[in-house]
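Secondary and tertiary structure notes
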Amino acid sequence: MPSGRLSVVVTRRLPEPVETRMKELFDVTLREDDTPMSREELATAMAQADILVPTLTDTIDANLLARAGERLKLIANFGAGFDHIDVASALQRGILVSNTPGVSADDTADMTLALMMAVTRRIPEGLQQIKDGGFSGFSPTALLGARVSGKRLGILGMGRVGQAVARRARAFGMQIHYHNRRRLREETEAAFEATYWESLDQMVARMDVISVNCPHTPSTFHLMNARRLKLMKDGAVIINTSRGEVIDEPALTRLLKSGDIAGAGLDVFEHEGEANSELRNLQNVVLLPHMASATVEGRLEMGEKVIINIKTFADGHRPPDQVVPSML
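This report concerns the structure included in the present document. The structure displayed is predicted, hence computed values, not measured ones.

Quick look at the packing of helix 1 (residues 16-25) against helix 13 (residues 296-314)
Helix 13 packs onto helix 1 with a crossing angle of 15° between their chain directions and a minimal axis gap of 9 Å. Here helix 1 lies roughly parallel to helix 13, going by the angle between them. Helix-helix and strand crossings are classified by hand; for helix 1 and helix 13 the assignment is right-handed. Along its contact with helix 1, which presents P17, V18, R21, M22 and L25, the element helix 13 presents R299, L300, G303, V306, I307 and K311. Of the residues belonging to the contact of helix 1 with helix 13, the class tally is seven nonpolar, one polar and three charged.

Brief notes about the pairing of strand 11 (residues 263-266)
Burial along strand 11 is two-sided: the residues G263 and G265 and A264 and L266 are all buried. Here strand 10 (residues 237-240) pairs with strand 11 via four bridges, running parallel. In the strand pairing of strand 11, V237 is matched with G263. For the handedness criterion, the β-α-β arrangement of strand 10, helix 11 (residues 249-258) and strand 11 is classed as right-handed. Strand direction decides the pairing type here: strand 11 and strand 12 (residues 285-287), joined by three bridges, are parallel. Residue A264 lies in a different strand from strand 12, and its bridge partner there is V285.

Conventions adopted
Residues numbered from 1 in each chain as written. Predicted model: local features only at pLDDT ≥ 70, side-chain atom pairs only at ≥ 80, totals over all residues. Heavy atoms only, no water. Axes fitted to C-alpha atoms, helices over the stretch in contact; angles between N-to-C directions. Helix = DSSP H or I, 4+ residues; strand = E, 2+ residues; numbered from the N terminus. Parallel < 35°, antiparallel > 145°, perpendicular 65-115°, else oblique. Left-handed = near helix turned anticlockwise from the far one by under 90°. Contact = heavy atoms within 4.5 Å. Nonpolar A, V, L, I, M, F, W, Y, C, P; charged D, E, K, R; others polar. Buried < 20%, exposed > 50% of the residue type's maximum accessible area, 1.4 Å probe, protein only. Pairing = 2+ DSSP bridges. Right-handed = clockwise from strand over helix to strand, strands pointing away.

Structural data, given as structure tokens:
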């Protein structure tokens, strides 16, 4: 592709420095407001642009890709996940896909630990008591939580985020256990003093805290299904800062209501943008609006990665963060 000013369409508002830099480099169409594009707006953009810059709120399936114009050659996703894009169909049509991996690993790990502490130490309940004016002084038996030091943490998905979670949890004195598609190298395991579990069922049944840090793929959809959730030991909690689809949310809700699972901290939900009312009404659940990666620094770094992917592609080279079939 020639390295002139490419036609780039951005589907959501991005941080101002990122948008400004894009305007300097490309013939860019920016979003006027921060509402997601409709399906027809996406189709129009894909028919007219050389490059589309979507986010996880944009579902780009095979039917939509079939309506893409001949000009569209790169989908440069703003975000590490790409489960909202039918990458296989895109590649069949000669459209490359890139993402922004690694940028938000530390931010997401920070939020994982924050949710873990919020759930186990009942922080939202304490905040609400203050707000309601119900605090009348110290009580030896009030709002008793659980200590995390010495507890077993089971990490589901030991990639960049999972390892960042492990580093932080070690500082809290937790024992690190993990299940992963591939076992880590011996030296990496040793650095975390981590125990590998080939059987997810066996790991889940023995952990005090489960942290979901794997991507959403066809093989991980409802990986934490009703049967596995029931294996969790009494008093255990589950934290999810990855993708909501990895957990069977209705089953989790039932087990939280019955007390079979002691608590949950969720930053993501099975249906993006929709935390069901039953979960919202439970006191043993801490819910956040998909904000684990929401730092100024992280968003700016994401934008820089998008720009680098586009520029590299425009210069006739493979984007450094191209999504390849082996990643699907």
